[in-house]
Amino acid sequence: MIPRDQIVTALLAPDLLPTLSEMDWDLLIRQARRSNLLARLAHLLIQNGQIEKVPNSPRLHLFSALRMVERQDVAMRWEVDCIQNALANAGVKITLLKGAAYVMAGLPAANGRTFSDIDIIVPKKHVAEVESALMLNGWQGTHHDDYDQRYYRRWMHEIPPMRHVRRGTSIDVHHAILPETARIKVNTPALLKAVVALPGYENLYVLKPEDMLLHSATHLFHEGALDNGLRDLFDLDSLLRHFGDNPEFWSALVPRAIELGLTRPLYYAIRYTTTMLDTPVPQAVIDAAEIGRPPHGIASLVDFCYLRALRPTHDSCNTPGTGLARFALYIRSHWMRMPFLLLAYHLARKAFLRPKQLPVETALTTKEG
C-alpha cells in the first residue's frame, strides 16, 4: 500500500498537528502548496480552534493562503454577478459547475478551495446566443488558431475559453461534461433537466447533489494533468460526506449514475475516496457501485496509476512508478476523449507544431474552477 502523505494525514487528523517538528511543518507546507490544499488546511485549523497551536512561520503561510482564497471568493461572486447580468436576455438557465458552484451553493467543498476560472453549462442549442451575449459584454474568445477552433467546436464539450478584456477573468462555456467523441456517452439532456435553482438568485442554477458528485468524479477521472488531483479527490470526499447526511442521496446515487451513463467514474470516486481518504460510504453503495468496475486486469493497472498520481506533485511524494503512472494517465485521458485516428493526429500536431504564443492568463486572484 502507498504510504499516506503528510498533507492527507493533516487534513484527516488535524489533532496530530501540534506534535509536528519544524522540519515536519516545512514539508507539510510544501506538500499543501503543491497540491493547492494550503488554504483548506488553514480553514480546517481555524474551524477546529487549532490555528494558534501552529508555529509562527507556518502559520504565516496558512494565513496568507487563506487571505488569497477569501479575496478570490469575493472576486468570484462579483464575476458571477457580471455573467448573470450579461446573460439576462439570453433566454437560458445559467448553471454553475465545479468551484463556482461550490461557493455559490455554500458547500463545505468551497472552504479554502482555489480555482482559476468560472465554468457554466448551457444546452448546446443556446451556445451561440450565450457566446454572443458574453462578447457584447467584454469577453473575448481565445485559441484563435483554425485547428484549435475546429477542435473545440466540432469535438469538445465546450467552446474555447473566453477572457474579459478589462478584468482578465476567464469563463468556460460548456454544453456537456465530456467531449462528444468521448468513449463514455453522457445523458446530457437528463443532466440539464434536473438542475436546481439557487435560493436568493435570479436565473442561477447548480447541478443536483448526485449530479454534482458525478460531474466532479467525471472531471477528475478523465483529466490527464493531475496537478490538482488530490485537491479534486478531497472535493469528492467533502461532497460525499456533506450530501451523505441525507439517506436519499445514497439511495439515488448509483441509479442516477446508471441513468447518466457515469457508472465508471462513480466506481473510481468511491474506490479512491474510501481507499485513500477513509470517506464513509455505506457498504451497500460500495457494492452497488461495482457495476462500474472495469475488468480485473484493467482495474489493477488503474489502481497502480491512481494510487501514485493522486498525490502532491512534490519529490517527497514520489514512489517507484510515479512518473510512469502520470504519463500513462495522460495518455489514457486522451484515449478516453477521442477515437484513435483523431487522437494520433491531435497528439502529433501538439508534438511537432509549435503553438502560437498566447497571452498569460490572469487568475481570478487578480480579480480565480
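Residues numbered from 1 in each chain as written. Predicted model: local features only at pLDDT ≥ 70, side-chain atom pairs only at ≥ 80, totals over all residues. Heavy atoms only, no water.

1. Focus on the overall build of the protein chain
Here comes step 1: Check the secondary structure of the protein chain and you find 16 helices and seven strands.
Here comes step 2: For 369 residues, the compact-globule estimate of 2.2 N^0.38 gives 21 Å, and the C-alpha radius of gyration of the protein chain, at 20 Å, lies within 12% of that figure.
Here comes step 3: If you line up the protein chain on its principal axes, its C-alpha atoms span 55 × 50 × 45 Å.
Here comes step 4: Each of the 369 residues in the protein chain was classed as buried or not, and the buried ones make up 55%.
Here comes step 5: Summed over its atoms, the accessible surface of the protein chain is roughly 17,000 Å², and 57% of this surface lies on carbon and sulfur atoms.
Here comes step 6: Charge centroids of the protein chain, computed over 41 positive and 38 negative side chains, lie 5 Å from each other. (Helix = DSSP H or I, 4+ residues; strand = E, 2+ residues; numbered from the N terminus. Rg over C-alpha atoms; globule rule 2.2 N^0.38 Å. Buried < 20%, exposed > 50% of the residue type's maximum accessible area, 1.4 Å probe, protein only. Areas by Shrake-Rupley, 256 points an atom, 1.4 Å probe, with all protein chains shown as cover. Lys, Arg positive; Asp, Glu negative; His and termini not counted. Charge placed at Lys NZ, Arg CZ, Asp CG, Glu CD.)

2. Let's talk about empty space enclosed by the protein
Here comes step 1: A volume near 50 Å³ is recorded for the second largest cavity.
Here comes step 2: As for the second largest cavity, its lining consists of L96, L97, K98, A101, Y102, V206, L207, M212, H215 and S216.
Here comes step 3: Of all elements in the fold, only β1 (94–97), α5 (98–104) and α9 (209–221) reach the threshold of two or more residues within the lining of the second largest cavity.
Here comes step 4: A breakdown of the residues in the lining of the second largest cavity according to their chemical character gives seven nonpolar, two polar and one charged. (1 Å grid on protein atoms, 1.4 Å probe; cavity = no way out; pocket = protein on both sides within 12 Å on 5 of 7 lines; lining within 4 Å. Points joined across faces, edges and corners; volume = space filled by probe spheres on them. Nonpolar A, V, L, I, M, F, W, Y, C, P; charged D, E, K, R; others polar.)

3. Section: the layout of surface pockets
Here comes step 1: Its boundaries defined by the atoms lining it, the second largest pocket holds a volume of some 370 Å³.
Here comes step 2: Around the second largest pocket, the lining is made up of 13 residues, and of these L11, R40, L44, D237 and S238 lie nearest the centre.
Here comes step 3: Listed by contribution, the elements that provide at least two residues to the lining of the second largest pocket are α1 (6–12), α3 (38–47) and α10 (229–243).
Here comes step 4: Per-element tally for the lining of the second largest pocket: the top contributor is α10, with five residues.
Here comes step 5: Here the residues of the lining of the second largest pocket sort into five nonpolar, five polar and three charged.

4. Some words on the packing of α9 against α10
For any two helices packed against each other, one specifies the inter-axial angle together with the distance between the axes.
Here comes step 1: Between α9 and α10, whose axes approach to 10 Å, the crossing angle comes to 165°. Our classification of the angle between α9 and α10 gives roughly antiparallel. The two elements α9 and α10 meet at a crossing, and its hand is left-handed. Contacts between α9 and α10 involve P209, M212, L213, S216, A217, H219, L220 and F221 on the former and, on the latter, G229, D232, L233, D235, L236, L239, L240 and F243.
Here comes step 2: When its residues are assigned to classes, the contact of α9 with α10 shows 11 nonpolar, three polar and two charged. (Axes fitted to C-alpha atoms, helices over the stretch in contact; angles between N-to-C directions. Parallel < 35°, antiparallel > 145°, perpendicular 65-115°, else oblique. Left-handed = near helix turned anticlockwise from the far one by under 90°. Contact = heavy atoms within 4.5 Å.)

5. As for the sheet that holds strand β2 (residues 118–121)
Here comes step 1: As summarised here, the arrangement of the seven strands in space is β3-β4-β5-β2-β1-β7-β6, forming an open sheet in which the pairing is mixed. Strand pairing shows two members of the sheet lacking a second neighbour, β3 (139–141) and β6 (196–197), which therefore form its edges.
Here comes step 2: Of the strand pairs in this sheet, β1 and strand β7 (residues 204–206) are connected by three bridges, and their pairing is parallel. When the bridges of β7 are listed, L96 appears paired with V206. (Pairing = 2+ DSSP bridges.)

6. Comments concerning the packing of helix α2 (residues 22–34) against helix α4 (residues 56–86)
Here comes step 1: Contact geometry of α2 with α4 gives a least axis separation of 10 Å together with a crossing angle of 15°. Taken as axis vectors, α2 and α4 run roughly parallel relative to one another. Considering only the axes of α2 and α4, their crossing is left-handed. Between α2 and α4, the contacting residues are W25, I29 and R33 on the first element and P58, H61 and L62 on the second.
Here comes step 2: Classifying every residue of the contact of α2 with α4 by side-chain character gives four nonpolar, one polar and one charged.

7. Thoughts on the packing of aromatic side chains
Here the distance between the centres and the angle between the planes together describe a pair of aromatic rings.
Here comes step 1: The final tally for this structure, using the stated rule, is nine aromatic pairs.
Here comes step 2: Ring geometry for F221 against Y306: centres 5.1 Å apart, planes inclined by 85°, an arrangement best described as edge-to-face. Within this pair, whereas F221 is found in helix α9, its partner Y306 is found in helix α14 (residues 296–309), the two being separated by 85 residues in sequence.
Here comes step 3: Residue classification places F221 among the buried positions, given a relative accessible area of 1%.
Here comes step 4: Overall, the relative accessible area of 0% leaves Y306 in the buried class.
Here comes step 5: Measuring from centroid to centroid gives 5.5 Å for Y272 and Y306, while their planes differ by 50°, and the two rings are tilted. Separated by 34 residues along the polypeptide, Y272 in helix α12 (residues 263–277) and Y306 in helix α14 bring together distant segments of the chain.
Here comes step 6: Three or more aromatic residues joined by ring pairs make a cluster, and in this case those are F221, Y267, Y268, Y272 and Y306.
Here comes step 7: Taking the ring centre of F304 as reference, the NZ or CZ of R308 above it sits at 3.9 Å. (Phe/Tyr/Trp six-rings, centres within 6.5 Å; stacked < 30°, edge-to-face > 60°. Lys NZ or Arg CZ within 6 Å of the ring centre and 35° of its normal.)

8. Focus on the confidence of the model for the protein chain
The predicted structure's coordinates, where accompanied by low pLDDT, should not be read in detail.
Here comes step 1: The predicted model of the protein chain has a mean per-residue pLDDT of 89, with 91% of residues at 70 or higher.
Here comes step 2: Averaged pLDDT values for the elements of the protein chain fall to 67 in helix α16 (residues 340–352) and rise to 98 in helix α13 (residues 283–288).
Here comes step 3: Between residues 356–368, whose pLDDT stays under 50, and residues either more than four places distant or in other chains, the model counts 31 contacts. (pLDDT = per-residue confidence, 0-100.)

9. Considering the nonpolar core
Here comes step 1: With 111 residues, the main nonpolar core has L62, L96, I120, F221 and Y272 as its most contacted residues.
Here comes step 2: Here this core takes nine residues from α4, the largest share from any one element.
Here comes step 3: Ignoring any residue separated from it by four or fewer positions in sequence, one finds L62 in contact with W25, I29, L38, L41, A42, L45, I51 and V54.
Here comes step 4: One finds Y151, Y152, W155 and M338 within the second-largest nonpolar core, a separate group that totals five residues. (Core = buried A, V, L, I, M, F, W, Y, C linked by side-chain atoms within 4.5 Å.)

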